[in-house]
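For reference, the chains in residue letters:
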Amino acid sequence: MKKRSGVHSAIGHPDTDALIVGAGPAGASVAIRLAALGWHVTLVEQASFPRQKVCGECLGPASLELLADLGLGAKVCSVAGPPIRKIAWMVRKRTTVARMPPCAHSQYAYGCAIGRDTLDTLLINTARSHGVNVIQPAKVRRVAG
């Protein structure tokens, strides 16, 4: 990737190389990676963190690998729930339970559950520690430059 210089954002930071809108797991992860490469990153999120959110609370082994690449593997595992070794389907009064197969190609055999409020906070704090300019709550209405 070639570093771009001099991108002017609508939020008035002329030294921003990348403006990322949305500080969820994808946006924060990209911000961390770009900052680690030396980019000046501004991350804008419309919500105030921490926030409660139902989606995204179960992480599979591949997601845990990606978080480990960002330097968050041990921290996530220390605050997440136990490994998910079984799943259940419930329909009316019937419940079927099945074992989760372990992932053979990962340092994490099983996934785990972690609250989105906790995951989002870990990611955004890591982004800040890498020098990412985090602006929240805010909305990007226009980008020019």
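Before reading further, recall that the structure is shown in the block above.
Quick summary incoming for the structure in this document.

Rules used in this analysis
Residues numbered from 1 in each chain as written. Predicted model: local features only at pLDDT ≥ 70, side-chain atom pairs only at ≥ 80, totals over all residues. Heavy atoms only, no water. Helix = DSSP H or I, 4+ residues; strand = E, 2+ residues; numbered from the N terminus. Buried < 20%, exposed > 50% of the residue type's maximum accessible area, 1.4 Å probe, protein only. Contact = heavy atoms within 4.5 Å. Areas by Shrake-Rupley, 256 points an atom, 1.4 Å probe, with all protein chains shown as cover. Pairing = 2+ DSSP bridges. Axes fitted to C-alpha atoms, helices over the stretch in contact; angles between N-to-C directions. Parallel < 35°, antiparallel > 145°, perpendicular 65-115°, else oblique. Left-handed = near helix turned anticlockwise from the far one by under 90°. Nonpolar A, V, L, I, M, F, W, Y, C, P; charged D, E, K, R; others polar. Expected span 1.5 Å × (residues − 1).

## Some words on the overall build of the chain
Okay, so step 1: The helix and strand inventory of the chain stands at 4 helices and 7 strands.
Okay, so step 2: Of the regular secondary structure in the chain, the N- to C-terminal order runs β-α-β-β-α-α-β-β-β-α-β.
Okay, so step 3: The 145 residues of the chain split such that 32% are buried.
Okay, so step 4: Taking contacts inside the chain between residues at least 6 apart in sequence as the whole, the part at least 24 apart equals 65%.
Okay, so step 5: For the chain, the exposed surface amounts to about 9,100 Å²; the carbon and sulfur share of it is 56%.

## Examining the sheet that holds strand β2 (residues 41–44)
Okay, so step 1: Sheet architecture is open: 3 strands sit in the order β1-β2-β7, paired in parallel fashion. What marks the edges here is a single partner per strand, and that holds for β1 (18–21) and β7 (133–135). Between one strand and the next, the sheet's axes are offset by a mean angle of 15 degrees, whatever the strand orientation.
Okay, so step 2: Of the strand pairs in this sheet, β2 and β7 are connected by 3 bridges, and their pairing is parallel. Paired with V44 across the bridge in β7 is I135.
Okay, so step 3: Most of the contacts of helix α1 (residues 25–36) go to β2, to which it runs at about 170 degrees, and overall it touches β1 and β2.

## Considering the packing of α1 against helix α4 (residues 116–129)
Okay, so step 1: Close contact between α1 and α4 brings their axes to 9 Å; oriented N to C, the two are set at 20 degrees. What the angle tells us is that α1 and α4 run roughly parallel. Handedness of the crossing formed by α1 with α4: left-handed. The segment α1 lies against α4, with P25, A28, S29 and I32 engaging R116, L119, D120, L123, T126 and A127.
Okay, so step 2: Residues belonging to the contact of α1 with α4 are distributed by class as follows: 6 nonpolar, 2 polar and 2 charged.

## Structural notes on the pairing of strand β5 (residues 94–99)
Okay, so step 1: In terms of residue burial, β5 counts as a barely covered element, since only 0 of its 6 residues are buried.
Okay, so step 2: Looking at chain direction, strand β4 (residues 86–91) and β5 are connected through 6 bridges and run antiparallel. Of the residues in β5, the one forming a bridge with A88 is V97.
Okay, so step 3: In textbook terms, the turn of a hairpin is the stretch between consecutive antiparallel strands, and for β4 and β5 this stretch comprises 2 residues, one of which, R92, has a positive phi near 50 degrees.

## Some details on α4
Okay, so step 1: Along its 14 residues, α4 runs 20 Å from first to last C-alpha, staying within 8% of the 20 Å computed at 1.5 Å per residue.
Okay, so step 2: Within α4 the residues assigned to the buried category are R116, L119, D120, L122, L123, I124, T126 and A127.
Okay, so step 3: Against α1, β3 (58–59), α2 (61–69), α3 (73–79) and β7 lie the buried residues of α4.
Okay, so step 4: A positive backbone phi angle near 90 degrees is found at G131, which sits one or two residues after α4.

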